[in-house]
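Listed here are the chains, written in short residue letters.
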Amino acid sequence: AQVTAEEHARGLLFPSVDRLRSVSLAVAVGAGEQAIEEGVAEATEQSVEARIAAHVWDVDYPEYVPV
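Residues numbered from 1 in each chain as written. Predicted model: local features only at pLDDT ≥ 70, side-chain atom pairs only at ≥ 80, totals over all residues. Heavy atoms only, no water.

A. Examining the side chain of Ser16 more closely. Tracing the backbone through its elements, the reader meets Ser16 in the loop between α1 (5-9) and α2 (20-37). If sequence neighbours within four positions are ignored, Ser16 has contacts with Glu7 and Arg10. (Helix = DSSP H or I, 4+ residues; strand = E, 2+ residues; numbered from the N terminus. Contact = heavy atoms within 4.5 Å.)

B. Structural view of α2. Along its 18 residues, α2 runs 26 Å from first to last C-alpha, staying within 8% of the 26 Å computed at 1.5 Å per residue. Considered for burial, the residues of α2 that qualify are Val23, Val29, Gly32 and Ala35. Taken together, the buried residues of α2 touch α3 (48-53). Looking one or two residues beyond α2, the residue adopting positive phi is Gly39, at roughly 80°. (Expected span 1.5 Å × (residues − 1). Buried < 20%, exposed > 50% of the residue type's maximum accessible area, 1.4 Å probe, protein only.)

C. Spatial organisation of the pattern of salt bridges. Here the structure, examined in full by the defined rule, presents three salt bridges. Notably, a salt bridge pairs Arg19 with Glu7, separated by 2.9 Å at the nearest N-O pair. With Arg19 in the loop between α1 and α2 and Glu7 in helix α1, this pair connects stretches of sequence that are 12 residues apart. A residue is classified by how much of its surface remains accessible, and Arg19, at 22% relative accessible area, is partly exposed. Close ionic contact of Arg21 with Asp58 constitutes a salt bridge, the shortest N to O distance being 3.6 Å. Highlighted residues: Arg21 in helix α2 and Asp58 in the segment after α3, separated in sequence by 37 residues. Residue class for Asp58 comes out exposed when judged on its relative accessible area of 52%. (Salt bridge = Lys/Arg side-chain N within 4 Å of Asp/Glu carboxyl O.)

D. Up close: the environment of Gly32. Tracing the chain through its elements places Gly32 in helix α2. Considered as a pair, Gly32 and Val3 are 29 residues apart in the sequence and their alpha carbons are 20 Å apart.

E. How the structure looks around the confidence of the model for the protein. Taken residue by residue, the protein gives an average pLDDT of 91. The fraction at 70 or more is 100%. The least confident element of the protein is α3, whose mean pLDDT is 91; the most confident is α1, at 95. (pLDDT = per-residue confidence, 0-100.)

Have a look at this one:
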């Protein structure tokens, strides 16, 4: 479901690597929602996507200024 029409037209079976973060988030959200539906995960008022996004590692390099 994450492969776009353009990617299909190019013959790709999987989403492009440059969309890896967004596709990974979509897969994780789907898994979380399914777990809640099946009763094996706790449902909270905070959305599944917000909870997952809060735990995603993000590159944050400090800016170095030469002296």
